[in-house]
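What follows is the residue order along each chain.
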Amino acid sequence: MVYPEDNRTWQILQAARKGGYAVGGFCVYNVEGVLAVIKAAERCRSPAIIQLFPWSMHFQGPAFVKYVADVAHAAKVPVAVHLDHCLQPTDADLALTCAFDSIMVDGSMFEEEENIRYVKSIVERATERNITIEAELGRMEGGEDGIPFLELEQVLTKPQDAARFVRETGTHFLAPSFGNVHGPYGPGGAEAYWQLDRLESIHKEVGVEVPLVLHGTHPLSDELVHASMQRGMVKINQNRNVRLEYHKYVEDNCASKELTALQTEGVEVYSHEIERMMGVFGSAGKA
Ligand SMILES: [Zn+2]
């Protein structure tokens, strides 16, 4: 594998892996979300990854991706821009022309061999553009805002298949399925669903140099976050759990405040939640 040393997401995740901490991949939908991640990262001296969904490429357009990359790359700390859950091959084509540092190619609707062929072809094209790729092996259940709820059964990642998948596709980061679901979790919480032994085996089989990515974090106890970090999780996706307070703030204040105040103060509330997670991940103070 040729290591993409000058790719921003790669640099952030390799530094985290070597430093023994994790970095949040924060899914955002609007300018307030983008600014909240950057503010939190700068305040905490933490690296960060801003994540958009394909929805943003269509609703706000590639110019918005360019804006996000411009402000992220101008931050005082390393901030990368990532596309989460790119399900449609035509969206992958479009994403490769946008200003992303990395893309998650979700081929989980394909059978394994088809998934390998598909991801490998995207990795080859992405490498030419200095974009790194995250891929999922197995399939996670559930949906979240930005990804469609697919009526497909969960398939857990087999550790030996994961090693072969990484080797054959050349994917830079791997999102395994070990009982994690796109939340919210049912009774008993994530503790009742996760198979930490399986995650540990996957980490051993694919090798320590391959950063693992955690999906399905709504909600998680801090203890479970740390248990996953001890088993190879270096990028930890965050969506609803750091966004709910912001929603509440907007709901409580939208009738009484001007839009300028609503947005400025909204960013503060949003970034406060993100800062807390940067402390949990141990990324605070590392940039
Ligand atoms: Zn996900």
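Use the structure listed above.
Residues numbered from 1 in each chain as written. Predicted model: local features only at pLDDT ≥ 70, side-chain atom pairs only at ≥ 80, totals over all residues. Heavy atoms only, no water.

(A) Local environment of the pattern of salt bridges. Counting across every chain of the model gives 17 salt bridges. One salt bridge in this structure joins glutamate 42 and lysine 76, with 3.8 Å as the shortest N-O distance. Highlighted residues: glutamate 42 in helix H2 (residues 31–44) and lysine 76 in the loop between helix H4 (62–73) and strand E3 (79–86), separated in sequence by 34 residues. Here glutamate 275 and arginine 43 are joined by a salt bridge, their closest N and O atoms 3.0 Å apart. Residue glutamate 275 is found in helix H12 (residues 259–281), and its partner arginine 43 is found in helix H2; the two are separated by 232 residues along the sequence. (Salt bridge = Lys/Arg side-chain N within 4 Å of Asp/Glu carboxyl O. Helix = DSSP H or I, 4+ residues; strand = E, 2+ residues; numbered from the N terminus.)

(B) Examining the coordination of the zinc ion more closely. For the zinc ion, the full set of protein donor atoms is His85 (NE2), His182 (NE2) and His215 (ND1), at a range of 1.9 to 2.1 Å. Read from N- to C-terminus, the donor residues coordinating the zinc ion fall into the pattern H-x96-H-x32-H. Separated by 97 residues along the polypeptide, histidine 85 in strand E3 and histidine 182 in the loop between strand E6 (173–176) and helix H8 (189–193) bring together distant segments of the chain. By relative accessible area, which is 2% here, histidine 85 ends up buried. Judged by its relative accessible area of 5%, histidine 182 is buried. (Donors = N, O, S within 2.8 Å, 3.2 Å for Na, K, Ca; no water. Buried < 20%, exposed > 50% of the residue type's maximum accessible area, 1.4 Å probe, protein only.)

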